[in-house]
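Remarks on the overall topology
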Amino acid sequence: MSEETIFNRILKGDIPCDEVYSDEQCLAFRDVNPQAPVHILIIPRKAIKSLREVKTRDAEILGHLLLVAGKVARKEGLESWRTVINTGTEAGQTVFHLHLHIIGGRSLNWPPG
Ligand code: AMP
């Protein structure tokens, strides 16, 4: 299976994204198919396929992604938001480069579908 995902290509600058935050460890950009008024993806620069593949050594980057999620959500003016990580096809994962969704700006139902 090819390692090249659409998110790898965004990280390399091969295809554009609507960037909202960037640092040495991660990149955040608006989802191309937003499910709410605010729908942002945060991805690590490190190529990790999903939460299934993470190792103990990834603890710092995983924590960093959550801290950035809070930072980005506050910057968007959100008081409430949902943070989602889909893991595996049946859970809805379509891009196999770890990513965290920030979804907000409207009321969200629970449980999710
Ligand atoms: P998931 O279903 O959890 O794997 O989420 C993948 C997300 O990536 C979906 O919400 C897509 O709309 C989004 N997506 C796919 N391609 C792009 C792209 N080029 N730019 C921004 N978001 C994208």
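Summarised in this report is the structure supplied together with it. These numbers were taken from a predicted model, which means no experiment stands behind them.

To continue, consider the site of the ligand. Taken together, 16 residues surround the ligand, and among them Asp31, Gly92, Thr94, His99 and His101 come closest. Between the ligand and Val32 there is a distance of 3.2 Å, counted from a nitrogen atom to a backbone nitrogen or oxygen. One of the side-chain nitrogen or oxygen atoms of Asn86 is found 2.9 Å away from an oxygen atom of the ligand. Against a free-state accessible area of 500 Å², the protein chains account for coverage of 83% of the ligand. Taken atom by atom, the bulk of the ligand overlaps the second largest pocket. Counting residues per element, the ones that place at least two in the shell around the ligand are α1 (6-12) and β2 (26-30).

To continue, consider unusual backbone geometry. In the segment running from Trp110 into Pro111, the intervening peptide bond is cis, with an omega of 5 degrees. Structurally, Pro111 is set in the segment after β5 (100-104).

The next thing to look at is the layout of surface pockets. Taken as a whole, the largest pocket holds about 460 Å³ of empty space. Along its surface, the largest pocket is lined by 17 residues, and Gln35, Val84, Asn86, Ile103 and Pro112 are the ones closest to its centre. Classifying every residue of the lining of the largest pocket by side-chain character gives six nonpolar, eight polar and three charged. In this model, the second largest pocket occupies a volume close to 320 Å³. As for the second largest pocket, its lining consists of 18 residues, and the residues nearest its centre are Phe7, Phe29, Asp31, Val32 and Leu41. Within the residue set of the lining of the second largest pocket, elements represented by two or more residues are α1 and β2. Element by element, the count of residues in the lining of the second largest pocket is highest for α1, at three residues. Residue composition of the lining of the second largest pocket, by class: 10 nonpolar, five polar and three charged.

Our focus in this paragraph is the pattern of salt bridges. Any two side chains of opposite charge can pair, given that their charged atoms come close. Following the criterion strictly, the structure yields six salt bridges and no others. Note that Asp14 is salt-bridged to Lys12, the shortest N-O span being 3.7 Å. With relative accessibility at 45%, the residue Asp14 sits in the partly exposed group. Salt-bridge contacts for Asp58 lead to Lys46; the nearest nitrogen and oxygen are separated by 2.5 Å. With Asp58 in the loop between β3 (38-44) and α2 (59-75) and Lys46 in the loop between β3 and α2, the pair connects residues that are 12 residues apart, well separated along the chain. You can call Asp58 buried: its relative accessible area is 3%.

Let's shift gears to the nonpolar core. Within soluble globular proteins, side chains that are nonpolar tend to cluster in buried spots. Ranked by internal contacts, the top residues of the largest apolar core, which has 18 residues, are Tyr21, Ala28, Ile40, Ile42, Leu65, Val72 and Ile102. Counting only elements with at least two residues in this core, the list comes to β1 (19-22), β2, β3, α2 and β5. Here this core gets six residues from one element, more than from any other, and that element is α2. Residues within four places of Tyr21 in sequence aside, it is in contact with Cys26, Leu27, Ala28, Val68, Lys71 and Val72. In terms of nonpolar packing, the next biggest core, distinct from the first, is built from seven residues, Ile10, Phe29, Leu41 and Val95 among them.

What counts and how
Numbers given for residues are sequential positions, taken from 1 along each chain in its written order. Local features in this predicted model are restricted to residues of pLDDT 70 or higher, and side-chain atom pairs are both shown and tallied only at a pLDDT of 80 or more, whereas totals for entire chains, interfaces and linings draw on every residue. In computing side-chain values, all of the structure's heavy atoms are included and hydrogens and water are not. Proximity is defined per residue: if any heavy atom of the residue lies within 4 Å of a molecule or strand, that residue is considered near it. Pairs of N or O atoms within 3.5 Å make up the polar contacts considered here, provided that, within protein, one atom can donate a hydrogen while the other can accept it, and that residues adjacent in sequence are counted only when both atoms are side-chain atoms. Working definition of accessibility: Shrake-Rupley area with a 1.4 Å probe, residue cover restricted to the visible protein chains. Using protein atoms alone on a 1 Å grid, points that fit a 1.4 Å probe yet trap it form a cavity, whereas open point sets bounded by protein on both sides within 12 Å along at least five of seven lines form a pocket; residues with an atom within 4 Å of a point count as lining. Pocket or cavity membership: a molecule qualifies when more than half of its atoms sit within 2 Å of the grid points of that site. Helix and strand labels come from DSSP, where a helix needs a run of H or I of at least four residues and a strand needs a run of E of at least two; each type is numbered from the N terminus. Grid points are joined across faces, edges and corners, and a volume is the space filled by probe spheres set on the points. When residue character is reported, Ala, Val, Leu, Ile, Met, Phe, Trp, Tyr, Cys and Pro are called nonpolar, Asp, Glu, Lys and Arg charged, and the others, Gly included, polar. Here a salt bridge means any side-chain nitrogen of Lys or Arg lying within 4 Å of a carboxyl oxygen belonging to Asp or Glu. With a 1.4 Å probe rolled over the protein chains alone, any residue whose accessible area is under 20% of its type maximum counts as buried; one over 50% counts as exposed, and the rest are partly exposed. The criterion is simple. A nonpolar core is a set of buried Ala, Val, Leu, Ile, Met, Phe, Trp, Tyr and Cys residues joined through side-chain atoms within 4.5 Å. The contact criterion used throughout is that any non-hydrogen atoms of two residues lie within 4.5 Å.

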